[in-house]
Amino acid sequence: GNSVTQMEGPVTLSEEAFLTINCTYTATGYPSLFWYVQYPGEGLQLLLKATKADDKGSNKGFEATYRKETTSFHLEKGSVQVSDSAVYFCALRYSYGNNRLAFGKGNQVVVIP
Amino acid sequence: GAVVSQHPSWVICKSGTSVKIECRSLDFQATTMFWYRQFPKQSLMLMATSNEGSKATYEQGVEKDKFLINHASLTLSTLTVTSAHPEDSSFYICSAGSDKEDGYTFGSGTRLTVV
C-alpha cells in the first residue's frame, strides 16, 4: 500500500545550520508529494509540493526534489532560523481512489539561537 | 490562497455530552473534506473522508456512530463527537480540497478535552 517514512527522532540544530529531513515513500502509480509544517497548537500548512518525478518544490528557503529512482522527497534548507522550529510532515497524495493524503510520522525541528 | 476555517479552536466538555466541530472552506468549494485526529507528538490519523452530498467513508476502527460527519454543502463539514468520554480528548483537524487543488488546505485544529 501507499506509505511515507520519515527519519526517526527530533532534529535539534543551531541557527544558520543546514537542515535535512529524510522522506521516502512507497506508492502505486504516480503520487504527488508534499511537505507540511505544523506550528504548536495549529493545523498544518502546506510548505511545498511536487507533482511529478524530478520536480523541485521550494518555498521560504526550503526545497525538496521528487526522486522517483530513490522514491525520496528529502526536505532541505541551507540556513535555518529560530522561527523554523516546528513539526514537519512529509505526505503523498494517492493518485487514484479518493485522493487522500498519507502522512509520515513527522519530525520535530528545534532551532537553537 | 485557499482558507479553511475550523472552530472552535478549543472546547472542554463533560463526559457524556456531545460536541460539534465545524470546518468551512472560505473562498473555494470543497468537494472533499477529511477529518483527522492527532495524539500528542504523533502524526495525523485519518478518521474519515466526506464528499458533499454523500455519506462519509470511515477508516477502519473509527466508530461512525460516535463520530458523526456531515458534509451538507460545498463549504461546510461538521464532526460531532457524541457521548464524549475522556479517551476522546485529542486534537482534531479538518482539511478540504477541491478538484482544482492538488494539495489540501488544513484548518487550524480543535483541541477537545473531555472531563
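Residues numbered from 1 in each chain as written. Chains lettered and ligands numbered in written order. Predicted model: local features only at pLDDT ≥ 70, side-chain atom pairs only at ≥ 80, totals over all residues. Heavy atoms only, no water.

Section: the sheet that holds strand 3 (residues 19–25) of chain B
All names here are of chain B.
Right, so step 1: Pairing is antiparallel across the open sheet formed by four strands, whose spatial order is 1-3-8-7. Lying at the two open borders of the sheet, with one neighbouring strand each, are strand 1 (4–7) and strand 7 (67–73). Each adjacent strand pair in this sheet contributes to an overall mean axis angle of 15°, direction not counted.
Right, so step 2: Relative to strand 3, strand 1 runs antiparallel, the two being bridged by four bridges. (Pairing = 2+ DSSP bridges. Helix = DSSP H or I, 4+ residues; strand = E, 2+ residues; numbered from the N terminus. Axes fitted to C-alpha atoms, helices over the stretch in contact; angles between N-to-C directions.)

What to know about the nonpolar core
Right, so step 1: L19, W35, L48, F73, L75, Y88 and V109 of chain A are the most contacted members of the largest nonpolar core, which totals 27 residues.
Right, so step 2: Sorting the residues of this core by element identifies strand 2 (11–14), strand 3 (19–21), strand 4 (23–26), strand 5 (32–38), strand 6 (44–50), strand 8 (62–65), strand 10 (86–93) and strand 12 (107–112) of chain A as the ones contributing at least two each.
Right, so step 3: Apart from the residues lying within four places of it in its own chain, the contact partners of L75 of chain A are L19, T20, I21, W35, L47, L48, F62, E63, A64 and Y88 of chain A.
Right, so step 4: Counting residues in each nonpolar core, the second largest holds 25 residues, with V11, A48, A56 and C94 of chain B among its members. (Core = buried A, V, L, I, M, F, W, Y, C linked by side-chain atoms within 4.5 Å. Buried < 20%, exposed > 50% of the residue type's maximum accessible area, 1.4 Å probe, protein only. Contact = heavy atoms within 4.5 Å.)

A few points about the state of the cysteines
Here, disulfide denotes a covalent bond that connects the sulfur atoms of two cysteines.
Right, so step 1: Enumeration over the complete set of coordinates arrives at two disulfides over all chains.
Right, so step 2: Here C23 of chain A engages in a disulfide with C90 of chain A; their sulfurs sit 1.9 Å apart. Handedness here is read from the sign of the S-S torsion; for C23 of chain A and C90 of chain A, about -70°, the answer is left-handed. Linking C23 of chain A in strand 4 with C90 of chain A in strand 10, this pair joins segments that are 67 residues apart in sequence.
Right, so step 3: The exposure class of C90 of chain A is buried, given its relative accessible area of 1%.
Right, so step 4: What pairs with C23 of chain B in a disulfide is C94 of chain B, and their sulfur atoms sit 2.0 Å apart. What sets the handedness of the C23 of chain B and C94 of chain B disulfide is the S-S torsion sign, and at about 80° it is right-handed. Here C23 of chain B is found in strand 3, whereas its partner C94 of chain B is found in strand 9 (residues 90–97), with 71 residues between them in sequence. In this pair, the class of C23 of chain B matches that of C94 of chain B, namely buried. (Disulfide = S-S within 2.5 Å.)

A look at the pattern of salt bridges
Close approach of charged atoms lets side chains of opposite charge pair.
Right, so step 1: For the structure on display, the rule yields six salt bridges over all chains.
Right, so step 2: Residue K56 of chain A is joined to E63 of chain A by a salt bridge in which the shortest nitrogen-to-oxygen separation is 3.6 Å.
Right, so step 3: Close ionic contact of K66 of chain B with D88 of chain B constitutes a salt bridge, the shortest N to O distance being 2.9 Å. Here D88 of chain B lies in the loop between strand 8 (76–81) and strand 9 and K66 of chain B lies in the loop between strand 6 (57–58) and strand 7, a separation of 22 residues in the sequence. In terms of burial, K66 of chain B and D88 of chain B fall into one category: buried. (Salt bridge = Lys/Arg side-chain N within 4 Å of Asp/Glu carboxyl O.)

With respect to the packing of aromatic side chains
Right, so step 1: Within the structure shown, the criterion is met by 12 aromatic pairs over all chains.
Right, so step 2: The interplanar angle of 80° and the centroid separation of 6.0 Å between the aromatic rings of Y25 of chain A and Y66 of chain A together place this pair among those described as edge-to-face. Of this pair, Y25 of chain A sits in strand 4 while Y66 of chain A is found in the loop between strand 8 and strand 9 (75–77), placing the two residues 41 residues apart along the sequence. One exposure class covers both Y25 of chain A and Y66 of chain A, and it is buried.
Right, so step 3: Between F89 of chain A and F103 of chain A the ring centres are 6.2 Å apart and the planes differ by 85°, which places this aromatic pair in the edge-to-face class. Residue F89 of chain A is located in strand 10, and its partner F103 of chain A is located in strand 11 (residues 101–103); the two are separated by 14 residues in the primary sequence. F103 of chain A matches F89 of chain A in its accessibility class, with the two residues each being buried.
Right, so step 4: Ring pairs connect the aromatic residues F34, Y36, F89 and F103 of chain A together with F34, Y36, Y104 and F106 of chain B, which therefore count as one cluster. (Phe/Tyr/Trp six-rings, centres within 6.5 Å; stacked < 30°, edge-to-face > 60°.)

Observations concerning the interface of chain B and chain A
Right, so step 1: The partner chain A presents 19 residues to the 19 residues of chain B that form the contact.
Right, so step 2: Both faces combined, the contact of chain B with chain A buries some 1,500 Å², and carbon together with sulfur accounts for 51% of it.
Right, so step 3: Along the contact surface separating chain B from chain A lie one salt bridge.
Right, so step 4: The residue E59 of chain B makes a salt bridge to R100 of chain A at a minimum N-O spacing of 2.6 Å.
Right, so step 5: For the pair chain B and chain A, the interface holds five residue pairs in polar contact (both at pLDDT 80 or more).
Right, so step 6: Residues that form the side of chain B that touches chain A fall into these classes: eight nonpolar, eight polar and three charged. (Buried area = accessible area lost by both parts, 1.4 Å probe. Polar contact = N/O pair within 3.5 Å; in protein donor to acceptor, adjacent residues only side chain to side chain. Nonpolar A, V, L, I, M, F, W, Y, C, P; charged D, E, K, R; others polar.)

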